[in-house]
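Listed here are the chains, written in short residue letters.
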Amino acid sequence: MSADCIVPVVVDAPQHAGLSATLDYQCEQALAPGTLVQVPLGRRSVPGIVWHRRLGDAAEAARLRPLQAALHCLPPLGDAWMQLVEFSAAYYQRSVGEVALSVLPPDLRKLDDLRLAKRLARLRPEPIAAPPALTLPALTEAQAAALEQLATLRATARQPTLLQGVTGSGKTEVYLRSAARALEAGRQVLVLVPEINLTPQLEARFAERFGGRQMVSLHSALTPARRLRHWLLAHLGQADLVLGTRLAVFASLPRLGLIVVDEEHDPSFKQQEGARYSARDLAVYRGRLEGVPVILGSATPSLESWSHAEQGRYRRLSLAQRIGGGALPVVRLLDMNTVPRPADHVPPALAPPLLQAIEQRIARGEQSLLFLNRRGYAPVLFCGACGWKSGCPHCSAWRVFHKADRTLRCHHCGFGERVPRACPDCGNLDIAPIGRGTERLQEQIAELLPQARVARIDADSTRAKGALQAQLSAVHAGEVDVLVGTQMIAKGHDFRGITLVAAVNPDAALFTSDFRAAERLFALLMQAAGRAGRDAAQAARSEMWIQTWHPRHALYAALRAHDFDAFARDQLDERRAAGLPPFSHLALLRAEARNVEAATTFLREAATLAAQLPGGEAVRVYPPVPPPVSRVAGVERLQMLLESDSRRALQQLLAEWLPMLHTLRGRHRPVQRWAVDVDPLAI
Ligand code: ADP
Ligand code: ZN
Ligand code: ZN
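Note that the structure is a prediction, hence the values are computed from the model and not measured.

What counts and what doesn't
Residue numbering note: each chain is counted from 1, following its sequence as written. The naming scheme follows written order: chains are lettered A onward, ligands numbered 1 onward. This being a predicted model, a pLDDT of at least 70 is required before a residue's local features are given, and a value of 80 or more before pairs of side-chain atoms are given or counted; all residues contribute to the totals for chains, interfaces and linings. Values shown for side chains rest on all heavy atoms present in the structure; no hydrogens or waters enter the calculation. In this listing, donors mean N, O and S atoms no farther than 2.8 Å from the metal, or 3.2 Å for Na, K and Ca; water is missing from the atoms, so a site can look incomplete. Irregular is the label for any site that misses the other tests, which are tetrahedral for four donors with all angles between 85 and 135 degrees, and square planar for four donors or octahedral for six when opposite donors exceed 155 degrees and the remaining angles lie between 65 and 115. Every helix listed is a DSSP run of H or I at least four residues long, and every strand listed is a run of E at least two residues long, numbered separately from the N terminus. Using a 1.4 Å probe on the protein chains alone, a residue whose accessible area is under 20% of its type maximum counts as buried, one over 50% counts as exposed, and one in between counts as partly exposed. By the convention used here, strands pair only if DSSP detects at least 2 bridges between them. Our working definition of a disulfide is a cysteine sulfur pair at a distance within 2.5 Å. Note on definitions. A residue lies near a molecule or strand when any single heavy atom of the residue is within 4 Å of it. Residues adjacent in sequence count toward polar contacts only when both atoms are side-chain atoms; beyond that, a polar contact is any pair of N or O atoms within 3.5 Å, and within protein one must be able to donate a hydrogen and the other to accept it. In short, Shrake-Rupley with a 1.4 Å probe defines the accessible areas, and a residue's cover is counted only from the protein chains shown. We call Asp, Glu, Lys and Arg charged. Ala, Val, Leu, Ile, Met, Phe, Trp, Tyr, Cys and Pro are nonpolar, and the rest, Gly among them, are polar. Where helices are involved, their axes are fitted lines through C-alpha atoms of the stretch in contact, as for all axes, and angles between N-to-C directions lie from 0 to 180°. Relative orientations are named as follows: roughly parallel for angles under 35 degrees, roughly antiparallel for angles over 145 degrees, roughly perpendicular for angles from 65 to 115 degrees, and oblique for any other angle. Throughout, a crossing is termed right-handed when the near helix is turned clockwise from the far one, and left-handed when it is turned anticlockwise from it by less than a right angle. Whether two residues are in contact is decided by their heavy atoms: any pair within 4.5 Å suffices. The directions from the helix axis to the C-beta atoms form the arc being described. Grouping buried Ala, Val, Leu, Ile, Met, Phe, Trp, Tyr and Cys residues that are joined through side-chain atoms within 4.5 Å yields what is termed a nonpolar core. Start and end positions for the domains come from either an automated domain assignment or a database one.

> Tell me about the coordination of the zinc ion (ligand 3), and please be specific about residues and values.
Only Cys392 (SG), Cys395 (SG), Cys410 (SG) and Cys413 (SG) from the protein coordinate the zinc ion (ligand 3), and they sit 2.3 Å from it. With four donor atoms in place around the zinc ion (ligand 3) and angles of 106 to 112° between them, the coordination shape is tetrahedral. Read in sequence order, the donor residues for the zinc ion (ligand 3) give the motif C-x2-C-x14-C-x2-C. Of this pair, cysteine 395 sits in the loop between strand E16 (380–383) and strand E17 (400–402) while cysteine 413 sits in the loop between strand E18 (407–409) and strand E19 (416–418), and the two are 18 residues apart along the sequence. Classification of cysteine 413 by relative accessible area gives partly exposed; the value is 28%.

Okay, structure coming up:
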C-alpha cells in the first residue's frame, strides 16, 4: 500500500476540545477538502472532515497514522462552509472540529460509504405538489419600493437589510418575491425562523407560492432519517428552498443566493449550549462571506440590528402600514393602582373594565387572547402557619404548583412530586398557592365568565404530539371565546377572530437585572398586539389591554404610540449610559461545581490569568457572581463577566485565555463544567 498523501483532518474529541489544530493523516489517494472520513484517534475511531487548510501545529511525521475510511460518494463540503465553521469556532471559542461535526446531521456520521451510496441512490426530490400561484397580489407602494432597493443592493454593496415593519405589513410577501428572484437566477434560498412551531405556517406560504420547487425543512424535531434526507437534498443542491431553525444556518448550500431571517430579534436564534452561537449574526457573516443578500425582518428589531441601521451599516427598509389599511389595535393601559381592592386584598385576575370588554367581545362573537408569561397554576405554595414554601431541594428556585396533575414541579431540574396534603414542616392543612400562572388564570376566567369557552395554550397543554395544532385549529374554527396562554400564543399565529389582546401581568420584566428584559417585553407585547385585528374588517375595534402598576413607564408610552423607534432610542440611551451592548462587547465565563468555593476559586484564578495577558487592560473583568438561579440539580453555578469597548480586544484576549483555562481546569477537578459564552443574551 502506498501512503503518499497527507491530509489535515478536524475531529471532535474531548481531549482536543479547545484545540483548534487539525490532525494529519495518511491516505492512499488524494482526498478533496470537505470529504467526510473516519480516522483513528488513540484507541478509538472517530469521524472527521478533511480540512481545506492546516490549522495549528502539524503532527510529527512519525506519529502519522492512516485514515480508515472516507465517504467517497458524498460530494465534499464546500470551502465557504468550512470558512463559516472556522469563523464560528474562533468567534464563539470552540474547537473547529466540535462545531463542524455538531452541525452535521447525526446520522451522517453513522453511515459508511456503501450505505450512504444506497441512501443517495434512493434519494428522490419531492417537489411541492401545489401548482405555482399564478395571480400574485399587486405590491403595495412600500413593498415595491423595498423590493426595488433590494434589487439594486444585489448589484452594489452587499449590505445586510433590516426589513422593519409591523405585523401584517407585508414582510412575508417581500421575502417571497425576493426568494422568487433568487430561484429564477438558479440559486437556493435559506429562510431562518426562531421556532419549530412557526415553521408550518411559513412553509405553507412558501409552498403555495413555489409549486414544483423542492423545499425542505431543517430543525431538531425531525427524525434523524428525515433530517439526513433534507440535509442531503440541500447539500446536493437539489433543494431550492431550505426553511429551518437556528441550526439551518450551517446547512451546506452549494447554490446559496439569499438568506432571510424572520423575527430576527428573537432570542431563540441564540444557541444556549455547546457552541453558543447566534444564528442571526452568523447569517449576516455568511451573507458577506458568500456575497449573498441577507434580509433581517422584524416588527421590533434587536437593538443591535436597529442601531446598525441607524449608523448606516445595515440598509433599513420600512413597511410602515398594515396591508389593507388595517389599523393597529388601540393600546389601553389599565392602571392597577386605581382598581378597588377586594376585602381579601388580593387583586383580581382581571380588573373590572377589562372583564367587561371581554364580555362585550363574547357577546359579539369575537375572540379574546389573554397573555400571561408564567405557566402552571401558581409559582409557589405557601404555609401561612410556619412560612414553609415549595422550594426545590436541588435548586435555588421554587417548585411550581400544577393543579391539573396535582404536582409540584421544578422548572429548572424537572424534579416533581405529588402536592402534599398538609404542610410538610408543621402539618397545617391550609397551604395556599401564591401568585398566578396560566392554569389558574384559565380557572379564574371560567369562574368569572361561566358562559365563555376558555382554552389554554402553553408548554404544558401542548406536550402531546399534535396537541398544539389541534388547539390552534379550535381557535381558528371559532370554538374558543377566550384563549389564555404564554408567549407561545403571542408569536406568529395568524388568528382572524381576535379583537382583544390583554397582557395580564407584564410588569415583572420592567425591574429585573436582565438588561435585555425591557427589549424582550416590548417585542413580546408588540407581537401580542399584532394578534389582534388581523382581519381588516375588525381592525377598527381591536384593542390591546395592559394591566400595569406602572402606567407611566416609558416602555408603555412607546407601546401605546406603536412607536418602536422611540422605544429603541430610549433604550439605547440607557445602554450607552450604562456601557452595555451594543456600546460594549461582553463574554461570560461560566463555571459549575458541587460547591460555590470551588467555582469561585477557579473563576478568580482565571481572572488573574486574564489580567496578565497582553492587551488585558482593554478588557474589564468583573468579580464572579451567581446567576439568577444559582443552584440547579444540586450543582452550583457561578459566572464572571468580561466587557470591552472593542470587539477585537475581547476576541484577542479570549483566544489567548482559552488554552490557559483548559490547563487551569486540570488543577481544579471539583469544577465540573466551564464554558465561555460570547455575546451572552443575559448576564
Ligand atoms: P407580515 O409578514 O409583515 O406579518 P404578511 O406578508 O403576512 O405580513 O402580510 C399580511 C397579509 O396581507 C397576508 O395575509 C398577506 O397575504 C397579505 N398581503 C401581503 N402583501 C399584500 C399585497 N401587496 N396585496 C394584498 N395582500 C397582501
Ligand atoms: Zn407549615
Ligand atoms: Zn429543581
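What follows picks up the thread again.
> Any chance you could break down the pairing of strand E25 (residues 585–593) for me, citing the residues and the numbers?
Burial of E25 is extensive: eight of the nine residues sit out of reach of the surface. Bridge analysis of E25 against strand E28 (residues 635–644) gives nine bridges, and the strand direction is antiparallel. Among the inter-strand pairings, alanine 593 is bridged to a residue of E28, identified as glutamate 636. Of the strand pairs in this sheet, E25 and strand E29 (residues 671–678) are connected by seven bridges, and their pairing is antiparallel. Considered in E29, the bridge of alanine 587 is made with valine 678.

> For the sheet that holds strand E5 (residues 65–66), give the residues involved together with the corresponding values.
In spatial order, the strands read E5-E2-E1-E4-E3-E6; together these six strands make up an open sheet with mixed pairing. Every other strand in the sheet has two partners, leaving E5 and strand E6 (69–70) as the edge strands with one partner each. Of the pairings in the sheet, the one linking strand E1 (residues 5–11) to strand E4 (residues 44–50) comprises three bridges and is antiparallel in character. Residue pairing in the sheet places valine 11 in a bridge with glycine 48 of E4.

> Before we move on, could you go through the state of the cysteines and cite the residues and values that matter?
Per the counting criterion, the structure on display carries zero disulfides. Lacking any disulfide linkage, cysteine 5 is separated from the closest cysteine sulfur, that of cysteine 27, by 4.8 Å. Residue classification places cysteine 5 among the partly exposed residues on the basis of a relative accessible area of 21%.

> Lay out the site of ligand 1 in plain terms, naming residues and giving numbers.
In the neighbourhood of ligand 1, 16 residues make up the surrounding shell, with Ala138, Gln143, Gly168, Thr172 and Arg205 lying closest. Lysine 171 has a polar backbone atom sitting 2.9 Å from an oxygen atom of ligand 1. Alone, ligand 1 offers 550 Å² of accessible surface; in the complex the protein occludes 75% of this. Top contributing element to the shell around ligand 1 by residue count: helix H6 (residues 171–184), with three residues. Looking at the shell around ligand 1 residue by residue, the classes come out as five nonpolar, seven polar and four charged.

> Break down the packing of helix H19 (residues 596–612) against helix H20 (residues 647–666) for me, citing the residues and quoting the values.
Packing of H19 against H20 leaves a shortest axis separation of 10 Å and a crossing angle of 140°. Between H19 and H20, the interaxial angle falls into the category oblique. By crossing handedness, the relation of H19 to H20 is classed as right-handed. Facing Phe602, Glu605, Ala606, Ala607, Leu609 and Ala610 of H19, the residues of H20 in contact are Leu653, Trp657, Met660, Leu661, Leu664 and Arg665. The class makeup of the residues in the contact of H19 with H20 is ten nonpolar, no polar and two charged.

> Lay out helix H13 (residues 467–476) with the relevant residues and their values.
Taken together, the buried positions of H13 are occupied by Ala467, Leu468, Leu472, Ala474 and Val475. Mapping the buried residues of H13 onto a view down its axis gives an arc of 155°, with all of them on the same face.

> Explain the nonpolar core to me, and be specific about the residues and the numbers.
Among the nonpolar cores identified, the biggest contains 84 residues, and Ile49, Trp51, Trp81, Leu104, Phe250, Leu589 and Trp657 are the most heavily contacted of them. When near neighbours in sequence (up to four residues on either side) are disregarded, isoleucine 49 contacts Pro8, Val9, Val10, Gly34, Thr35, Leu36, Val37, Leu77, Trp81, Ala100, Leu101 and Leu104. Counting 42 residues, the second-largest nonpolar core is a separate cluster that includes Trp306, Leu472, Phe522 and Ile546.

> Could you give an account of the domain arrangement of the protein chain, with specific residues and numbers?
For the protein chain, the assigned domains are domain 1 (3–122), domain 2 (141–324), domain 3 (326–376 + 437–575), domain 4 (379–434) and domain 5 (585–678). Here domain 1 and domain 3 have C-alpha centroids that lie 50 Å from each other.

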